[in-house]
Amino acid sequence: MTTDTYRAVEQFLFDEAALLDSWQLADWLKLFREDAIYCIPSLDSPEKGPQDSLYLVHDDMTRLGSRVNQFSGRSMWSENPRSRTRRLVSNLRILSQDADEIVLSANFAVFRMRHGRMDTYVGHYEHRIAPVQDGFQFIERKAVLDLEVLNPQGKVSIII
Amino acid sequence: MELHMNEVDAPVVIDDLANATFKVNRQAFTDPAIWELERQRVFDQCWLYVGHESELTEAGSFLTRKVGGRPVIFVRDGEGEVRVFFDSCPHRGNSVCRGSRGQADRFTCFYHGWAFNTKGELAVVPDPVGYGPGLDRSKLGLGRPPRLEHYRGLYFLSMKPDIVDLRTYLGGAIPYIDSMLDIAVADPVIAAGEQAYNIKANWKLLLENSADIYHGHFTHMRFFTEFLTDVGADLDAWRKIARGDDQNRVETFDYGHAVIDTPIGPLPLFSDKPEVFAKLNKALVEKFGADRAAQLLGRSQNLLIFPNTVMISSWRTIRTFYPVAPDDLECRAWAIVGAEDSPELREARFGNFISFLGPAGFGTPDDVEALENCQRGFAAAGVPYNDLSKGMGRPGGAVANDELQMRAVWRRWAELMDPDFEPGIEKSAAMLAAAE
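Worth saying up front: this structure is predicted, and the values here are computed from it rather than measured.

1. Digging into the pairing of strand β2 (residues 13-16) of chain B
Residues and elements named next belong to chain B.
No. 1: As judged from the 2 bridges shared by strand β1 (residues 2-3) and β2, these two strands associate in the antiparallel manner. Counterpart to leucine 3 in the pairing with β2 is valine 13.
No. 2: Judged from the 4 bridges that link them, β2 and strand β3 (residues 21-25) form a sheet pairing that is antiparallel. Along β3, the bridge assignment pairs valine 13 with valine 24.
No. 3: Counted along the chain from β2 to the antiparallel partner β3, the turn is 4 residues long, and its residue alanine 20 has a positive phi close to 50°.

Right, here's the structure in full:
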């Protein structure tokens, strides 16, 4: 792996975080390949797959498209009005790489501010991305939460 | 009648059949004194859900849970019997179970090394020199709740030694529990992946919310008009249910349980992978017959098992919750699946579940938002009462779109909080029809 690749992947993750924090979700959706998956495994069995355990999120592109539409609608009460969010993405590691696919891990802390309260979501990403003409696209965007229980968060109403 | 508590001046529950009015004082959601009394007078007087036998796969399998606010070990002993112990060393109190799940032939307290077998018997006391004859090992096993019983593998405990047996307690709810569990040719099992979240709201708000059709159209507008539209579902069936056009039944039972029972509109389970659903339908017809299969897949029930367990058939879930403060509840929820589901069916069931339920579903987060906003709203205090009268004035009796199911749980709650409280006797349209 070259330093250039590492920097390019890092920049991709930072740009993605900026899109999410500024709620530019239509542009964010363009970062996904049409067969991509966005998922969050269960809190207590994150090592298990989506046929063996109840994930919190397992969106194909139809569902993810709907999720984004719902953010833009009026009746997603949990995010209307929208939260403020801020994401820190770090500790990037490129785990494997070939011409079609890069497997990476990175740590995250996502802060959500609403109703005078701050909720923090901590965990790591296990992404699979594909190099494309001007950057990368997600094949699988997986956010693994370290939280044992969503207390006080209560919900995961934003993209993690 | 009215429920008055010493702690507050105004009545807590106003149950006025003559004027078709049912009101609950918001202090019932906010007052720490009421919350403390609930532990003794409600939770310690009822059967409380612990877990399902399928979660303990073999001898020595254990899980730790909190039930009624008490830390317990849910374990299958060396001979295969399911047991529940308090997770507290009889010596000095430390927890004896490390980790929230696993396999063990012994639970050892790391404080002084006392160890217990999976039957809860005291097996080891290190350095026993110095104890007199008072050290009776037979009385120093792990503590256990006075009662532990199960229905079809659903284990409940009770802190009330002379409570009626579990089957009597569940009573009229049992056919609906069967509907939740009859979902596959093989036995129902709890899937891996527990959903664990707190809601900063009073626990009774979640009980009310868990069988509330009235809120569906507004609170869950995005699930219906956005998500289901985006996946191409036909909304007409859902509109009919929301309007109460069809047979939206509600029933209440002894001991405070209630169920709403309605037709079901299209869900992802039916439409995402039609061939997978067709196979499931065929298997259920073969096992249960065409009528029963049509009921299992064509109707939806939300069942409230008083005080704190909910089962919902649209997503085949069981959830339980407990107040850690007047304005904070901890909730645990699980998916019920078939033991021998194909990977495709299992994925379809999970996809159906999380399309609505759970912390990141297209339904639950808006319930959490609503409940927390209610709790915030109670701080206004200028509005002392919640109103739960819908359906009391409906000629012919309440239907599922009304609030009878909430009144049922409140009536039981008030009766337990004050034995002098006489709950109003109200029969739904379905109950009146059945009595004819």
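Alright, that's what it looks like, and here's the rest.
2. Describing the sheet that holds strand β2 (residues 57-59) of chain A
Sheet strands pair via backbone hydrogen bonds, and the direction of the pair is either parallel or antiparallel.
Residue and element names in this part refer to chain A.
No. 1: On the basis of which strands lie adjacent, the open sheet formed by 6 strands has the order β2-β1-β6-β5-β4-β3 and mixed pairing. What marks the edges here is a single partner per strand, and that holds for β2 and β3 (84-97). On average, each strand axis in the sheet is tilted by 20° relative to the strand beside it, whichever way the strands run.
No. 2: Relative to strand β6 (residues 135-145), strand β5 (residues 117-132) runs antiparallel, the two sharing 8 bridges. What sits directly across from alanine 130, in β6, is glutamine 137.

3. Comments concerning the packing of helix α10 (residues 274-288) of chain B against helix α11 (residues 290-298) of chain B
All names here are of chain B.
No. 1: Relative to each other, α10 and α11 sit at 135°, their axes nearing to 7 Å. In terms of axis orientation, α10 runs oblique to α11. The interaxial crossing formed by α10 with α11 has right-handed handedness. Contacts between α10 and α11 involve Phe277, Leu280, Asn281, Leu284, Val285 and Phe288 from the first element and Ala290, Arg292, Ala293, Leu296 and Leu297 from the second.
No. 2: The residue inventory of the contact of α10 with α11, partitioned by class, reads 9 nonpolar, 1 polar and 1 charged.

4. Focus: the packing of helix α3 (residues 61-72) of chain A against helix α7 (residues 221-230) of chain B
The axes of two packed helices give the description: the angle between them and the distance between them.
No. 1: In contact at an axis separation of 9 Å, α3 of chain A and α7 of chain B are set at 145° when each is read in the N-to-C sense. For the pair α3 of chain A and α7 of chain B, the sense of crossing is right-handed. Between α3 of chain A, through Thr62, Arg63, Ser66, Asn69 and Gln70 of chain A, and α7 of chain B, the contact on the second element is made entirely by Arg222, Glu226, Phe227 and Asp230 of chain B.
No. 2: Class assignment for the residues of the contact of α3 of chain A with α7 of chain B results in 1 nonpolar, 4 polar and 4 charged.

5. Description of the packing of aromatic side chains
Residues and elements named next belong to chain B.
No. 1: Counted under the stated rule, the structure contains 26 aromatic pairs over all chains.
No. 2: Relative to phenylalanine 224, the ring of phenylalanine 223 has its centre 5.2 Å away and its plane inclined at 85°; by these criteria the two rings are edge-to-face. There is no split in this pair, since phenylalanine 223 and phenylalanine 224 are both buried.
No. 3: Seen from their ring centres, phenylalanine 223 and phenylalanine 356 are 4.8 Å apart, and the 85° between their planes marks the pair as edge-to-face.

6. Quick notes on the interface of chain A and chain B
No. 1: Listed as interface residues are 39 residues of chain A and, on the opposing side, 40 residues of chain B.
No. 2: In total, about 3400 Å² of surface goes out of reach between chain A and chain B, with carbon and sulfur atoms giving 51% of it.
No. 3: At the junction of chain A with chain B, the criterion picks out 4 salt bridges.
No. 4: Among the ionic pairs, arginine 114 of chain A bridges to glutamate 369 of chain B, the shortest N-O distance being 3.1 Å.
No. 5: Residue assignment for the side of chain A that touches chain B shows that the elements contributing at least two residues are β2 and α3 of chain A.
No. 6: The element best represented in the side of chain A that touches chain B is α3 of chain A, accounting for 6 residues.
No. 7: A class-by-class count of the residues in the side of chain A that touches chain B yields 12 nonpolar, 16 polar and 11 charged.

The rules behind these values
Residues numbered from 1 in each chain as written. Chains lettered and ligands numbered in written order. Predicted model: local features only at pLDDT ≥ 70, side-chain atom pairs only at ≥ 80, totals over all residues. Heavy atoms only, no water. Pairing = 2+ DSSP bridges. Helix = DSSP H or I, 4+ residues; strand = E, 2+ residues; numbered from the N terminus. Axes fitted to C-alpha atoms, helices over the stretch in contact; angles between N-to-C directions. Parallel < 35°, antiparallel > 145°, perpendicular 65-115°, else oblique. Left-handed = near helix turned anticlockwise from the far one by under 90°. Contact = heavy atoms within 4.5 Å. Nonpolar A, V, L, I, M, F, W, Y, C, P; charged D, E, K, R; others polar. Phe/Tyr/Trp six-rings, centres within 6.5 Å; stacked < 30°, edge-to-face > 60°. Buried < 20%, exposed > 50% of the residue type's maximum accessible area, 1.4 Å probe, protein only. Buried area = accessible area lost by both parts, 1.4 Å probe. Salt bridge = Lys/Arg side-chain N within 4 Å of Asp/Glu carboxyl O.

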